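# Tertiary structure, described
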Amino acid sequence: MIKNTLFIIISIITISSVFSQEVESKKDSIKNELSEFSDGPYIFIENNRLIEKTIVSGKVSSRVLKANAYDTVFTPEKSAFNKVKKIAALSDIHGQYDVAIELLKNNKIIDKNLNWNFGSGHLVIVGDIFDRGNKVNEMLWLIYKLEIQANNKGGRVHFLLGNHEYMILHKDLRYISEKYRLSSKLLNLEYDQLYSHKTIIGRWLRSKSTIIKINNNVFVHGGVSEDFIVNNDFNLEKINDVMRKSIERTKQEMKSTDFYNIYYGNKSLIWYRGYFNDNLTDSDISKILELVNSKHIIVGHCSNEEVVQLYENKIFGVDSSIKKGKYGELLFIENKQFFRGTLNGKKIQF
Ligand code: ZN
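Let us look at the structure shown here. (Residues numbered from 1 in each chain as written. Predicted model: local features only at pLDDT ≥ 70, side-chain atom pairs only at ≥ 80, totals over all residues. Heavy atoms only, no water.)

### Things to note about the overall build of the protein chain
Assigned secondary structure in the protein chain consists of 12 helices and 15 strands. A principal-axis box enclosing the C-alpha atoms of the protein chain has dimensions of 90 × 50 × 50 Å. Expressed as a percentage of contacts within the protein chain between residues at least 6 apart in sequence, the contacts between residues at least 24 apart total 66%. In the protein chain, 49 positive and 41 negative side-chain charges are present, and the distance between their average locations comes to 4 Å. (Helix = DSSP H or I, 4+ residues; strand = E, 2+ residues; numbered from the N terminus. Contact = heavy atoms within 4.5 Å. Lys, Arg positive; Asp, Glu negative; His and termini not counted. Charge placed at Lys NZ, Arg CZ, Asp CG, Glu CD.)

### Overview of the pairing of strand 1 (residues 39-46)
Bridge analysis of strand 1 against strand 2 (residues 49-56) gives six bridges, and the strand direction is antiparallel. Looking at the pairing, Ile43 lines up with Glu52 of strand 2. What sits between strand 1 and strand 2 in their antiparallel hairpin is a turn of two residues, with Asn47 showing a positive phi close to 45°. (Pairing = 2+ DSSP bridges.)

### Comments concerning the packing of aromatic side chains
Under the counting rule described, the total for this entry stands at 19 aromatic pairs. A centroid spacing of 4.4 Å and a plane angle of 20° characterise the contact between Phe316 and Phe338, whose relative ring orientation is stacked. One end of the pair, Phe316, is in strand 12 (residues 315-317); the other, Phe338, is in strand 14 (residues 337-341), and 22 residues separate them in sequence. In this structure, Phe316 and Phe338 share a single accessibility class: buried. Consider the rings of Phe316 and Phe350, whose centres lie 5.2 Å apart with planes at 70°: the pair is edge-to-face. Separated by 34 residues along the polypeptide, Phe316 in strand 12 and Phe350 in the segment after strand 15 (347-349) bring together distant segments of the chain. One aromatic cluster is present, built from ring pairs that chain together Tyr70, Phe74, Trp141, Tyr144, Phe159 and Trp204. The side chain of Arg249 reaches across the aromatic face of Phe259, ending 4.2 Å from its centre. (Phe/Tyr/Trp six-rings, centres within 6.5 Å; stacked < 30°, edge-to-face > 60°. Buried < 20%, exposed > 50% of the residue type's maximum accessible area, 1.4 Å probe, protein only. Lys NZ or Arg CZ within 6 Å of the ring centre and 35° of its normal.)

### Quick word on the sheet that holds strand 2
Taken in spatial order, the three strands line up as 1-2-3 in an open sheet, and their pairing is antiparallel. A single partner strand is all that each edge strand has here, and the edge strands are strand 1 and strand 3 (59-65). Across the sheet, the mean angle separating the axes of adjacent strands is 25° when strand polarity is ignored. Inspection of the sheet shows strand 2 paired to strand 3 by seven bridges, in the antiparallel sense. When the bridges of strand 3 are listed, Glu52 appears paired with Arg63. The sheet strands contacting helix 5 (residues 178-186) are strand 1, strand 2 and strand 3, and the helix crosses strand 1 at an angle near 45°. (Axes fitted to C-alpha atoms, helices over the stretch in contact; angles between N-to-C directions.)

### A closer look at the nonpolar core
Nonpolar side chains tend to gather and get buried jointly when the protein is soluble and globular. One finds Leu140, Tyr191, Tyr195, Leu205, Val224, Tyr275 and Ile297 to be the most contacted residues of the largest nonpolar core, which totals 87 residues. With residues up to four places along the chain from it excluded, the contact list for Leu205 reads Phe130, Leu140, Phe159, Leu161, Leu169 and Tyr195. Ile87, Val126, Ile212 and Ile214 belong to the second largest nonpolar core, which has 17 residues in total. (Core = buried A, V, L, I, M, F, W, Y, C linked by side-chain atoms within 4.5 Å.)

### Examining unusual backbone geometry
Glycine aside, negative phi is the norm for most residues, and most peptide bonds take the trans geometry. The step from Gly40 to Pro41 runs through a cis peptide bond, and the omega angle for that step is 0°. With a phi angle near 55°, Tyr311 is a residue other than glycine that sits in the positive phi range. You can see Tyr311 is positioned in the loop between strand 11 (308-310) and strand 12. A positive phi angle is found at Glu312, which is not glycine, with a value near 50°. With respect to the helices, strands and loops of the structure, Glu312 is situated in the loop between strand 11 and strand 12.

The following block contains the structure:
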């Protein structure tokens, strides 16, 4: 009996000491992970002061910036552009910053120092920078910078909002990378608050368009469905304005009318997949193009292995699965001709 009891006691001590060693080593590995954890900057606007917060080695550092370090008011750009000589478009980067910069560099949109190199060209990001991958913030700041540099060279960067931008702005955080759960915890904020109206990038995002027209090409994340046009006179400025204002509306309120279904449903500009999934006929597509008064529509949202064309170059899909973190392409439009730009910078005409 005594022997047995002793055996049980020794066993318990042994097990608990192994267990506590495991807890200790787990603590150590979390510590190690934290010491390598960096993110930011996130720039907040508090009482007219700019506060930059950065996470370095798992610790938040905070500093006040000069009041004029960043614009705090962003005027929405117009929705239509004409006589543009060269256009490049890509989409669905989903935090895969490394693939995106490789693609942009090799296709000479940016130089080796990540500065604008596309002259008076227009670069269109057709939505979905947010979610899945873990370099979303880096990508946003790069686009933010390129936009300013492009403007100074007579070019433009258009960042169109996709369904994943609208999801984050409406606090749907299901698809964020684990990294950002830790970042927001360290910053003591919810993830969507890192892009709220009280941040530089948040204000910038809220000025962005959902759909634009350049020459004879419409760019939009999901696509334009016939159902959508039936519900709207096709006024781009008006549609972009409605979408921008919807960011501040709650889902519940939008769902109380048919608004949510029209602007956020599966036939909406940001969620539609009909060109790829609905077996539309050539005449369906021609009708849509006539209604939007354009020759081509360029969309993201539906993933393919490369940039693809449908309906004899009437529709282009530029989601080339950059989200997988391995490969990506972009679309070039020059002199009414269309080209795929491959990851290593080869140009292949459609
Ligand atoms: Zn999408």
